[in-house]
Amino acid sequence: MEFKSEYYTPWSEYEKTNNVSPDNADVIKANTQTYEEMVFDFTMWLIM
Amino acid sequence: MNLKELTQSVGELEEEKVLEMLNNFVASNPSEEEAGKAVAACQEGMAEVGDLFEKGEYFVGDLIFAGELLTEAINVLKPVIGSGDTTKVGTIVLGTVHGDLHDIGKNIFKSMAEAAGFEVHDIGIDQPVQAFIDIVKEVKPNIVGMSGVLTLALEAMKDTVDGLKEAGLRDSVKVIIGGNPVTKEACLHIGADSFTTNAAEGVKISQGWVK
Amino acid sequence: MVENAQSKNQLFIDIDEGKIPKRVPVYTWMDITYIMQYAGVDLRKAQWDVDKFKDMIEIGAKSFQSDINPATFTRIQPVYNILGAQNFVMSSEGQIQHPEITGMGPEDYDEMIADPYKYTHDKILPRLYKNLDTTPEEKAKVFAKAFKAHSDIFGQIFAHHDLMNEKYGLANDRVGCQTVAPFDQVADQFRSFTGISSDIRRCPDKVVAACEAVTPMMLKAGVKPHSSRQKRTFIPLHMAPYMREKDFEKFYWPTFKALIEGLWENGAAPLLFVEQDWTRYLDYLNELPAGTQMMFEYGDPKVIKEKVGKKHIVTGLYPLTLLARGTKQECIDKAKEIVDILAPGGNYIFTFDKVAINIKDANPENIIAVNEFVKEYGVY
Ligand code: B12
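Chain C carries the name Uroporphyrinogen decarboxylase in an unreviewed UniProt entry, which gives Alkalibaculum sporogenes as its organism.

Per an unreviewed UniProt entry, chain B is named Cobalamin-binding protein, and its organism is Alkalibaculum sporogenes.

K.L.:
I tried to follow the overall build of chain B on my own but got confused; where do I start?
P.N.:
When its secondary structure is counted, chain B shows 9 helices and 5 strands. Start at the N end of chain B and walk to the C end: the helices and strands fall as α-α-α-α-β-α-β-α-β-α-β-α-β-α. In terms of overall size, chain B behaves like a compact globule, its C-alpha atoms giving a radius of gyration of 18 Å where 211 residues would be expected to give roughly 17 Å. Counting only C-alpha atoms and orienting by the principal axes, one finds that chain B spans roughly 55 × 35 × 30 Å. Burial analysis of chain B (211 residues in total) assigns 53% to the buried set. In the form shown here, chain B has an accessible surface area of approximately 9400 Å², with 48% of it arising from carbon and sulfur atoms. In chain B, 17 positive and 34 negative side-chain charges are present, and the distance between their average locations comes to 7 Å.

K.L.:
When you look at the side chain of Ser5 of chain A in this model, what are you seeing that I'm missing?
P.N.:
Tracing the chain through its elements places Ser5 of chain A in the segment before helix H1 (11–17). There is a polar contact of 3.0 Å between the side chain of Ser5 of chain A and the backbone nitrogen of Tyr7 of chain A. There is a polar contact of 2.8 Å between the side chain of Ser5 of chain A and the side chain of Asp115 of chain C. Aside from chain neighbours lying at most four places away, what touches Ser5 of chain A is Asp115, Tyr117 and Lys118 of chain C.

K.L.:
Looking at this structure, how should I read the pattern of salt bridges?
P.N.:
Once their charged atoms are close, side chains differing in charge can pair, the charge on each being opposite to the other. Residues and elements named next belong to chain B. This structure, assessed with the given rule, holds 42 salt bridges over all chains. The salt bridge partner of Glu54 is Lys204, with a shortest N-O separation of 2.8 Å. Linking Glu54 in helix H3 (residues 32–54) with Lys204 in helix H9 (residues 199–210), this pair joins segments that are 150 residues apart in sequence. Residue Glu54 is classed as partly exposed on the basis of its relative accessible area, which comes to 33%.

K.L.:
What should I look at first to understand the domain arrangement of chain B in this one?
P.N.:
It is common to give the size of an interface as the accessible area lost on bringing the parts into contact. Residues and elements named next belong to chain B. Taken domain by domain, chain B consists of domain 1 (3–80) and domain 2 (90–210). For domain 1 versus domain 2, the separation of C-alpha centres amounts to 27 Å. Of all residues in domain 1, Met46, Glu54 and Leu63 give up the largest surface area on contact with domain 2, accounting jointly for 46% of the area buried on that side. On the surface where domain 1 and domain 2 come into contact, there are 2 salt bridges. Between Lys204 and Asp51 there is a salt bridge, and its shortest N-O distance comes to 3.2 Å. For the interface between domain 1 and domain 2, the tally reads 2 residue pairs in polar contact (both at pLDDT 80 or more). Counting residues per element, the ones that place at least two in the side of domain 1 that touches domain 2 are H3 and helix H4 (60–81). It is H3 that provides the largest number of residues to the side of domain 1 that touches domain 2, a total of 6 residues.

K.L.:
I would appreciate a short explanation of the interface of chain C and chain B in the present structure.
P.N.:
Contacts between the two partners involve 30 residues from chain C and, on the opposite side, 30 residues from chain B. Between chain C and chain B we count 6 salt bridges in total. Asp62 of chain B serves as the salt-bridge partner of Arg244 of chain C, at 3.6 Å between the closest nitrogen and oxygen. Counting residues per element, the side of chain C that touches chain B draws most heavily on helix H9 (residues 182–202) of chain C, at 6 residues. In the side of chain C that touches chain B, the residues fall into 7 nonpolar, 11 polar and 12 charged.

K.L.:
Sorry if this is basic, but what is going on with the packing of aromatic side chains here?
P.N.:
The geometry of an aromatic ring pair is captured by the separation of the ring centres together with the interplanar angle, meaning the angle of the planes. For the coordinates displayed, the defined rule picks out 38 aromatic pairs over all chains. Relative to Phe40 of chain A, the ring of Phe3 of chain A lies with its centre 5.2 Å away and its plane at 65°, an arrangement referred to as edge-to-face. With Phe3 of chain A in the segment before H1 and Phe40 of chain A in helix H2 (residues 25–46), this residue pair connects regions lying 37 residues apart in the sequence. Phe40 of chain A sits in the buried class, given a relative accessible area of 0%. For the ring pair Phe248 of chain C and Tyr281 of chain C, a centre distance of 3.8 Å and an interplane angle of 20° mean the geometry is stacked. With Phe248 of chain C in helix H11 (residues 245–265) and Tyr281 of chain C in the loop between strand E7 (270–277) and helix H12 (282–286), the pair connects residues that are 33 residues apart, well separated along the chain. Accessibility classification places Phe248 of chain C together with Tyr281 of chain C in one group, the buried group. Aromatic ring contacts, followed pair by pair, group Phe183, Phe248, Phe251, Tyr252, Trp253, Phe256, Trp278, Tyr281 and Tyr284 of chain C into a single cluster. A cation sits over an aromatic face here: Arg75 of chain C above Phe88 of chain C, 3.8 Å from the ring centre. When the ring centre of Phe40 of chain A is taken as reference, the NZ or CZ atom of Lys220 of chain C above it lies at 5.0 Å.

K.L.:
I would appreciate a short explanation of the site of the ligand in the present structure.
P.N.:
Around the ligand lies a shell of 46 residues, among which Ser147 and Thr151 of chain B together with Arg75, His98 and Glu100 of chain C are the nearest. In this structure the ligand sits where residues from chains B and C come together. Between the ligand and the protein, one listed contact pairs a nitrogen atom with a side-chain N or O atom of Glu297 of chain C at 3.0 Å. When residues of the shell around the ligand are traced back to their parent elements, those giving at least two are helix H5 (104–115), strand E3 (143–147), strand E4 (174–178) and H9 of chain B together with strand E4 (96–97), H9 and E7 of chain C. With 5 residues, the top contributor of residues to the shell around the ligand is H5 of chain B. Split by residue class, the shell around the ligand holds 19 nonpolar, 17 polar and 10 charged.

Calculation criteria
- Residues numbered from 1 in each chain as written.
- Chains lettered and ligands numbered in written order.
- Predicted model: local features only at pLDDT ≥ 70, side-chain atom pairs only at ≥ 80, totals over all residues.
- Heavy atoms only, no water.
- Helix = DSSP H or I, 4+ residues; strand = E, 2+ residues; numbered from the N terminus.
- Rg over C-alpha atoms; globule rule 2.2 N^0.38 Å.
- Buried < 20%, exposed > 50% of the residue type's maximum accessible area, 1.4 Å probe, protein only.
- Areas by Shrake-Rupley, 256 points an atom, 1.4 Å probe, with all protein chains shown as cover.
- Lys, Arg positive; Asp, Glu negative; His and termini not counted.
- Charge placed at Lys NZ, Arg CZ, Asp CG, Glu CD.
- Polar contact = N/O pair within 3.5 Å; in protein donor to acceptor, adjacent residues only side chain to side chain.
- Contact = heavy atoms within 4.5 Å.
- Salt bridge = Lys/Arg side-chain N within 4 Å of Asp/Glu carboxyl O.
- Domains from an automatic or database assignment.
- Buried area = accessible area lost by both parts, 1.4 Å probe.
- Nonpolar A, V, L, I, M, F, W, Y, C, P; charged D, E, K, R; others polar.
- Phe/Tyr/Trp six-rings, centres within 6.5 Å; stacked < 30°, edge-to-face > 60°.
- Lys NZ or Arg CZ within 6 Å of the ring centre and 35° of its normal.
- Near = heavy atom within 4 Å.

This is the structure in structure tokens:
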């Protein structure tokens, strides 16, 4: 049951399209993907 | 048109069938009297819906749909009903008390009461005590219905009954309260004549009062 | 026994691990509006005054004898105002409420089903929030403002909650995040209570497909990195009691069950608020994975204990309305009656049947008396 949407960028896709260097992937993920998730959470709050 | 079948189809909430029957009926150029009978048959169907609800075979969702179906049915019949006044069995003033904005339950009670032949003056949601007083003075109803979903509505209902008392109007009306938080104890505290969390029962109680 | 945060946390951990705790844990739920009125401030002002939210959290923490801070923030007025909310508005007395509103027309099922999250942004949000119903540029600006406000305000709230738990020796907050049953999601703010009631008759297949389509989104909403048995996923349940059983079986249950199982599989533990009367559905609830917490509004406590209380954590059923006008003794007698039925064998947390949202809902003195009583009486 995977969540997919045109408006949601999972990390795997972000990695591909944003030249993420494998060496720094951890810190880059922690400081970018977090905000995608926050927008998702906020959106859910708006409809609950 | 077979009126029994119409009543039954309304009771069973067969939307397509009801609308097809009524459209054919209207196309046959019926007299006003015949149209009146069709309306009555639909209303009987609504009463059946109420009975099934009380028996626990239908639930609130079914009541909502029944209300919509009845509105659609009357809309189809409108061109042939004419202006002939239908007899009113009584008048109800209905509103959601101050502090509460909910109206799904109130609207269900409204459509069932109308189907049972009551004239209902719905004053809307979050209504101050004075609004109830003003409309009671204006239309002199038999019954005042108050609705609310939040617990805080109970105190607002009490304010409203007290307000009616102070305005000298309390003895001229019966008061019924409905909505999730109402209980027997709350009814006593508020000083209403009756309470229910069941719209169909509310219609029966109201009918008992105007007999 | 001297109690502190650790011993209070242990009460809940024991329950979560299927052990009998030292005593019945006490968990009172209040919307922050109740606490604002208790503190004597006007709701119409206090709900804007984010600076003072901290004071309210502290008052919640120290005042009501609950093992967990009752103070809950869900409806944040500044954010709603920035967005021009139509779905949550203040009543004349300041209580924020939800008028019946439709975020999705019946003709939109296919579009929603194709991508619920995209549809939410494109269509639902501008209908629920009128300041988003504008040009894309302006919409982005309003959304950014509201997002920032939401994240700042909740950031402060959470941090202060932790601080107050420490200061007053309370157990940790038990709710980590929220989601909603798929059918309820399609109902509440998309099609509305009335809209969905017609849809299940007019376009039943679309409703089924819609519930299936939103399920992955609802699952995602309910799983967070910190999810655990002690940081649960709150799920308020709405429509089931208003449906026929055969409709429930077809429309509500399959995706709801899938959601709950999915949460457990992903390390999240659900806390269901079983609103209204679910007596007809107790056997279904018993099918859910063990250890699901269920807070009941109505029903016969004996029957509920018997049918779901062995496998699941039962809470609720204490009538909040009694606390408004009952005498102290009446309130305590009722607590004794309920604890006697629900506490034996463990798997029980003491809560009321409704969230207290307005000071008229319950006399604070009665809340304190009842909570103190349960702590003393409910010792195993
Ligand atoms: C659905 C629902 C929602 C939906 C509303 C969706 C919508 N489109 O309206 C959503 C998710 C938005 C929602 C939000 C909230 N809710 Co809510 N919600 C409910 C729920 C489950 C059902 C309410 C409802 O609409 N019932 C359907 C109608 C048809 O039922 P009814 O009003 O009882 O009417 C029937 C009869 O009583 C009768 N009747 C009604 N009026 C009248 C009048 C007369 C004269 C007569 C004769 C008969 C009659 O006829 C009807 C049919 O038989 C209740 C639980 C409950 N037990 O009621 C909680 C409940 C009302 N919610 C509650 C809360 C706390 C909230 C929130 C504040 C939660 C939060 N913190 O965000 C918010 C926002 C505030 C608000 N309520 O607006 C609490 C209120 C507690 C309290 N202290 O008052 C409840 C009681 C849940 C609980 N157990 O705590 N909610």
